Every structure is written in structure tokens, then in C-alpha cells.
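An overview of the molecular structure
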Amino acid sequence: MESQNKIVLVTGATSGIGRAIAIELANDGYDIIITGRRADRLMKLEHEIKSVSKTSRILSMHFDVRNLSEVESAFHKLPNEWSKISILVNNAGLAAGFDPIQTGDLLDWEQMIDTNVKGLLYVSKMVIPEMINRKEGHIINISSIAGKEVYPKGNVYCASKHAVDALTKGMRMDLLEHGIKVSSVSPGMVETEFSIVRFKGDKEKAENVYTGLTPLNASDIAQTVSWIVSRPKHVNINDIVIMPTAQASAAVSYRK
Ligand code: NDP
Ligand code: 8X3
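Summary of the structure given here.

Analysis parameters
Each chain has its residues counted from 1, running along the sequence as written. Labels are handed out in written order, letters beginning with A for the chains and numbers beginning with 1 for the ligands. Thresholds applied to this predicted model are a pLDDT of at least 70 for local features of residues and 80 or more for the giving and counting of side-chain atom pairs; totals over whole chains, interfaces and linings are not thresholded and use all residues. Note that water and hydrogens are dropped before the side-chain values are worked out from all heavy atoms of the structure. Numbering of helices and strands runs from the N terminus; a helix is a DSSP stretch of H or I covering at least four residues, while a strand is a stretch of E covering at least two. Expected span, for any helix, means 1.5 Å times one less than how many residues it has. The cut-offs for exposure are 20% and 50% of the maximum accessible area for each residue type, with area from a 1.4 Å probe on protein chains only; residues under the lower value are buried, those over the upper are exposed, and the others partly exposed. Angles here are taken between N-to-C directions and fall from 0 to 180 degrees, while the axes themselves are lines fitted to C-alpha atoms, restricted in helices to the stretch in contact. Working rule for angles: under 35 degrees goes down as roughly parallel, over 145 as roughly antiparallel, 65 to 115 as roughly perpendicular, anything else as oblique. Here is the rule for handedness: rotate from the far helix to the near one, and if that takes an anticlockwise turn smaller than a right angle the crossing is left-handed, while a clockwise turn gives right-handed. Contacts are assigned to residue pairs that have any heavy atoms within 4.5 Å of one another. We call Asp, Glu, Lys and Arg charged. Ala, Val, Leu, Ile, Met, Phe, Trp, Tyr, Cys and Pro are nonpolar, and the rest, Gly among them, are polar. Any residue with a heavy atom positioned within 4 Å of a molecule or strand is treated as near that molecule or strand. Here a polar contact means two N or O atoms within 3.5 Å. Within protein one must be a hydrogen donor candidate and the other an acceptor candidate, and residues neighboring in sequence count only if both atoms are side-chain atoms. Only the protein chains shown count as cover for residues, with accessible areas throughout obtained via the Shrake-Rupley method and a probe of 1.4 Å. Both cavities and pockets are sets of points on a 1 Å grid over the protein atoms alone; in a cavity a 1.4 Å probe fits but cannot get out, in a pocket the set is open with protein on both sides within 12 Å along at least five of seven lines, and lining residues sit with an atom within 4 Å of a point. A pocket or cavity is taken to hold a molecule when more than half of that molecule's atoms are within 2 Å of the pocket's grid points.

Section: helix H8 (residues 218-229)
With twelve residues, H8 extends 17 Å between its outermost C-alpha atoms, agreeing within 8% with the 16 Å of an ideal straight helix rising 1.5 Å per residue. Residues Ala 218, Ile 221, Ala 222, Thr 224, Val 225, Ser 226, Ile 228 and Val 229 constitute the buried set of H8.

Below, the structure is given as C-alpha cells:
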């Protein structure tokens, strides 16, 4: 199988979409580097993948994407046999808060911009040079419908995902001559820990987001990524916007 022994790095693999992507791509036969801040969850996922996949190697890397020196130190410690990363999935991200701009919390804004935009850049900066050396690689940025549209109270989260959309296009242009593919996946509602994080642990508010409709699940996005990375060498999927059937746009959903 062509995918055998290629190395994938997934950021934000401790939960939701990133976790599902790590499992899906391990099942596809890739070697996987899983990353996130929660070391206990990384360890559990490592065991889970090892117990089901006989062909995939797995390595955990523990860092906060917002902290440049942590990111650099993690990559400098990467064992040589793991240094040739073929696929980077920039997935770590979050929405913090759901407030109109006039009452939004500065710390929430900084957390979203530092994670969704600067964190994506820090990790990409570590991975791109080796891809350029090998003239081979694929970067997949997990953006959002919030990177295409703005909705009320989405302000800074939407701005951060619009930045991801712009960076995806910019990376694709700049890396073109190096044979590196750049794609994005832009989902609508996916039921993960995303809303619990956005509403700071308020489970009722988080559950209300999905009331009366069937949202996407993390595995829907993982299968999409698996399809994107399995296209032939001459084919690049620029972007996939993927929504629940019950959602027509960022702000229009049909609830029973
Ligand atoms: P989850 O909250 O379930 O997972 C978020 C992941 O990001 C966790 O693994 C978390 O790991 C990681 N993460 C967050 N902050 C940091 C940080 N500072 N450093 C390192 N890792 C971090 O949410 P989702 O799986 O839903 O979100 C994944 C991506 O998908 C995000 O970029 C999100 O914006 C995007 N998305 C989500 C949608 C949804 O409806 N759920 C729709 C569209 C896009 P840890 O806390 O261990 O560090
Ligand atoms: C997450 C989807 O609609 O909450 O990116 O912005 S949404």
C-alpha cells in the first residue's frame, strides 16, 4: 500500500476531530505523531492505536502550540526516524466564548488568535523545511465554515478561521514549486468537545448547539481527510466545505 511508512503529524489529537484523524490514518497504515497539551490523553490514545494497528508506529509529542519555545524544543527532540513528516494536519484549535464584540473577553481573543493562527504557523514552520528538502509533503489545515462566513457573536473565532483560509491559499502558492500539496477542510457543526470548550464547561449550553439536528461527528471529518490524502500525486483537493445535512450555512440550520 502506497501509504505504508509515511509519517503523519496531527496537532490536537487528544480530542474530537484530531483524535479521529489519528485513528483513521493509523488504520490506513500511516505512522502517526500525535500531539496536544494533555499528556495523559496522548498516552491513552497511543495505547489504543497500538492495540488495534499492527502496522503503524505511533509517537506522542506534548506541547502547547501557542508556546514557540515549547514547539521548537519538541521538534528539536524529535528522533531522527520520525523527522521525515509527509503529512501535517494542523487541527489544534478552539473557539473561546460567544459574545458580541463590545463585551468580548481579551483573554479569549488572545487564546483563539494564538492557537488557531500563530500555533498553526509555529508548527508549520517546524515541518515545512524538511518537506521542501524532500520535495514532497501535504499540509491539511482544519479550518471551518467560520473561515468562509461570519455569524453574530462569532467575531474573533471567525476572523481566526478566515486567517486559516488565507494562510491555506498562501501556503499553496508559496509551496507550489516545491511539490507540496496544501488542502483545507472547512466543517460546519461537528459534535466534539468544541462547544464545551467554547462555553467553558457549561454542558447545557454546549448540548443546545446540537439540539434537534444531527451534527457531523469527528469520524466524518477523519474519513474526509483520509480521502484527501489518498488522492493520486497529481491531484490536490484545495478545500472541502462539509456540513450536516440539517445545516445550510453558518447561521442557518433546520431543527426538529
Ligand atoms: P476539541 O475541543 O474536541 O479538540 C480540540 C483539540 O485542540 C484538542 O486535542 C486540544 O488538545 C487541541 N488544542 C487546543 N488548544 C491547544 C493548544 N494551545 N496547544 C495544543 N493543542 C491544543 O474540538 P474539535 O475536535 O472540534 O476541534 C478541532 C479543530 O476543528 C479546531 O481547529 C476547530 O476550530 C475545528 N472545527 C471544529 C468544528 C466543530 O464544530 N467541532 C467545526 C469546524 C472546525 P489539548 O487540550 O490536549 O491541548
Ligand atoms: C466550528 C463551527 O459554526 O461553530 O468552527 O463556527 S461554528
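Some details on the packing of helix H1 (residues 16-27) against helix H2 (residues 39-52)
Packing of H1 against H2 brings their axes to within 10 Å, and their N-to-C directions diverge by 25°. It follows that H1 is roughly parallel to H2 by the angle criterion. Classified by chirality, the crossing of H2 by H1 is right-handed. Contacts between H1 and H2 involve Arg 19, Ala 22, Ile 23 and Ala 26 from the first element and Leu 45, Glu 48 and Ile 49 from the second. When its residues are assigned to classes, the contact of H1 with H2 shows five nonpolar, no polar and two charged.

Section: the packing of helix H3 (residues 68-76) against helix H4 (residues 106-134)
Their axes nearest at 10 Å, the elements H3 and H4 cross at an angle of 25°. In terms of their interaxial angle, H3 and H4 are classed as roughly parallel. Here H3 runs over H4; the crossing is right-handed. Where H3 approaches H4, its residues Leu 68, Val 71, Glu 72 and Phe 75 are matched on the opposing element by Tyr 122, Val 123, Met 126 and Val 127.

Considering the site of ligand 2
With respect to spatial proximity, the complete set of residues near ligand 2 consists of Ser 144, Ile 145, Ala 146, Tyr 151, Tyr 157, Phe 194 and Arg 198. Within the side chain of Ser 144, one N or O atom sits 2.5 Å away from an oxygen atom of ligand 2. Within the side chain of Tyr 151, an N or O atom sits 2.6 Å from an oxygen atom of ligand 2. Coverage of ligand 2 by the protein chains reaches 86% of its 240 Å² of free accessible surface. When atoms are counted within 2 Å of each cavity's grid points, the one that captures over half of ligand 2 is the largest pocket.

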